[in-house]
Amino acid sequence: MNSDEKIARAAQWIREAKHTVVFTGAGISANSGIPTFRGEGGIWKEIDPNYFNIEFFQKKPLITWKIIKKVFYDKMIQAQPNLAHFILAIMEQQHKVQTVITQNIDHLHQDAGSRNVLELHGSYKRLVCTKCNTEYDYRFADLNFLPPTCFVCRGTLKPDFVFFNEKLPSITKQKAIEEAEKTDLLLIIGTRAEVFPANTIPRRAKENGAKILEINLIPTEITHHLTDLFLQGDAEKTMKLLCQQLTCSEQCGCEEI
Ligand SMILES: [Zn+2]
Ligand SMILES: [Zn+2]
């Protein structure tokens with residue numbers, strides 16, 4: 001199959017599917033300027049991940065908060081969703097996508113308009129009180145005074161993403177696995193899905209009979225073992241090609257790129 005035929009086949013699968021689940025990782029947000037965490041040029045090459053160990057944070061929240069503010073709230077927070085996020089949101093409105101499961105903490109799926117989003121690792125757009133669990137939109141916290149504290153109980157606030165040695169939100173994880181078991185088409189975008197529990201999602205979907213459609217820059221372990229159709233390329237460009245076969249309208253913004 002040449003690449004046009006692959007796109008046509010993928011579009012056909014999306015049209016025919018009854019319960020499409022999208023599973024995203026860092027690759028979908030790269031075009032929005034969000035740096036990766038792992039690997040070459042990733043955040044953990046610059047910053048010692050030990051600061052993001054939950055036990056360190058509990059003992060020395062101020063030290064970690066100074067880094068958090070610099071990394072997430074001074075710059076990354078300004079990132080905007082790209083075409084791939086917007087197209088997925090439109091596909092959801094048109095009932096071509098039922099659920100998005102993401103490993104990203106950037107909240108860009110919701111910012112683009114997706115509603116049914118499961119954030120496996122939480123998001124930095126929310127803060128949560130470490131004492132009473134009250135959640136806040138980050139914009140309501142005063143980050144000029146660190147560490148920020150809870151308006152209810154004065155407890156220390158923490159970004160609502162998962163730190164090292166911290167448990168994943170179990171309800172979200174459970175829902176994600178249920179979605180993987182329910183889907184008949186899993187669309188993987190921009191992730192190697194190597195880390196637990198991300199690695200269980202494609203496997204569960206496959207075991208339950210789903211087709212696996214994968215968009216990644218380079219082939220991954222999934223490509224070799226699970227994927228039925230691999231679309232090699234950048235998330236934004238590939239989603240644009242799919243959009244043009246599926247949902248294209250004035251709404252999506254494809255024409256502007
Ligand atoms: Zn509190
Ligand atoms: Zn379009």
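Up top you'll find the structure we're talking about.
Computed from a prediction, not measured in an experiment: that's the story for all the values here.

Taking 1.5 Å per residue, 13 residues should reach 18 Å; helix α5 (residues 61-73) reaches only 16 Å between its end C-alpha atoms and comes up short. The complete set of buried residues in α5 reads P61, T64, W65, I67, I68, V71, F72 and Y73. Where the residues of α5 are buried, they touch α3 (43-46), α4 (54-59), β4 (122-129) and β6 (157-161).

Turning our attention to the sheet that holds strand β3 (residues 117-119). Ordered by their spatial adjacency, six strands build an open sheet running β3-β2-β1-β7-β8-β9, and the pairing between neighbours is parallel. Each edge of the open sheet is held by one strand with a lone partner, namely β3 and β9 (229-232). Between one strand and the next, the sheet's axes are offset by a mean angle of 15°, whatever the strand orientation. Across four bridges, the pairing between strand β1 (residues 20-24) and strand β2 (residues 99-102) is parallel.

The next subject is the nonpolar core. In this structure, I189, L213, M239 and L242 are the most contacted members of the largest nonpolar core, which totals 31 residues. Elements represented by at least two residues in this core include exactly α1 (3-16), α6 (83-93), β7 (185-189), β8 (211-216), β9 and α11 (235-246). In terms of residue count, the dominant contributor to this core is α6 (six residues). If near-sequence neighbours (up to four positions away) are discounted, L242 is found in contact with I7, A10, A11, I14, I215 and L231. Counting 28 residues, the second largest nonpolar core, distinct from the first, contains I105, Y124, L127 and C150.

As a further point, take the pattern of salt bridges. For the structure shown, the criterion picks out 10 salt bridges. For D74, the salt bridge identified is with K69, shortest N-O distance 3.4 Å. Notably, a salt bridge pairs K206 with D228, separated by 3.0 Å at the nearest N-O pair. Taken as a pair, K206 in helix α9 (residues 200-207) and D228 in the loop between α10 (221-225) and β9 lie far apart in primary sequence, 22 residues in all. For D228, a relative accessible area of 40% gives the class partly exposed. Here the residues in one salt-bridge network are E119, R126 and D160, joined through shared partners.

As a benchmark, a tetrahedral metal site with four donors has ideal angles of 109.5 degrees, while an octahedral site with six donors has ideal angles of 90 or 180 degrees. Bound to the zinc ion (ligand 1) are the protein donor atoms C129 (SG), C132 (SG), C150 (SG) and C153 (SG), situated 2.2 to 2.4 Å from the metal. Each of the four donor atoms around the zinc ion (ligand 1) contributes to a set of angles spanning 98 to 117°, which defines the coordination as tetrahedral. If you list the donors of the zinc ion (ligand 1) from N- to C-terminus, the spacing comes out as C-x2-C-x17-C-x2-C. With C129 in strand β4 and C153 in the loop between β5 (135-137) and β6, this pair connects stretches of sequence that are 24 residues apart.

Cut-offs and rules
- Residues numbered from 1 in each chain as written.
- Chains lettered and ligands numbered in written order.
- Predicted model: local features only at pLDDT ≥ 70, side-chain atom pairs only at ≥ 80, totals over all residues.
- Heavy atoms only, no water.
- Helix = DSSP H or I, 4+ residues; strand = E, 2+ residues; numbered from the N terminus.
- Expected span 1.5 Å × (residues − 1).
- Buried < 20%, exposed > 50% of the residue type's maximum accessible area, 1.4 Å probe, protein only.
- Contact = heavy atoms within 4.5 Å.
- Pairing = 2+ DSSP bridges.
- Axes fitted to C-alpha atoms, helices over the stretch in contact; angles between N-to-C directions.
- Core = buried A, V, L, I, M, F, W, Y, C linked by side-chain atoms within 4.5 Å.
- Salt bridge = Lys/Arg side-chain N within 4 Å of Asp/Glu carboxyl O.
- Donors = N, O, S within 2.8 Å, 3.2 Å for Na, K, Ca; no water.
- Tetrahedral: all angles 85-135°; square planar, octahedral: opposite > 155°, others 65-115°.

Function cannot be read off these values alone, since they describe shape.
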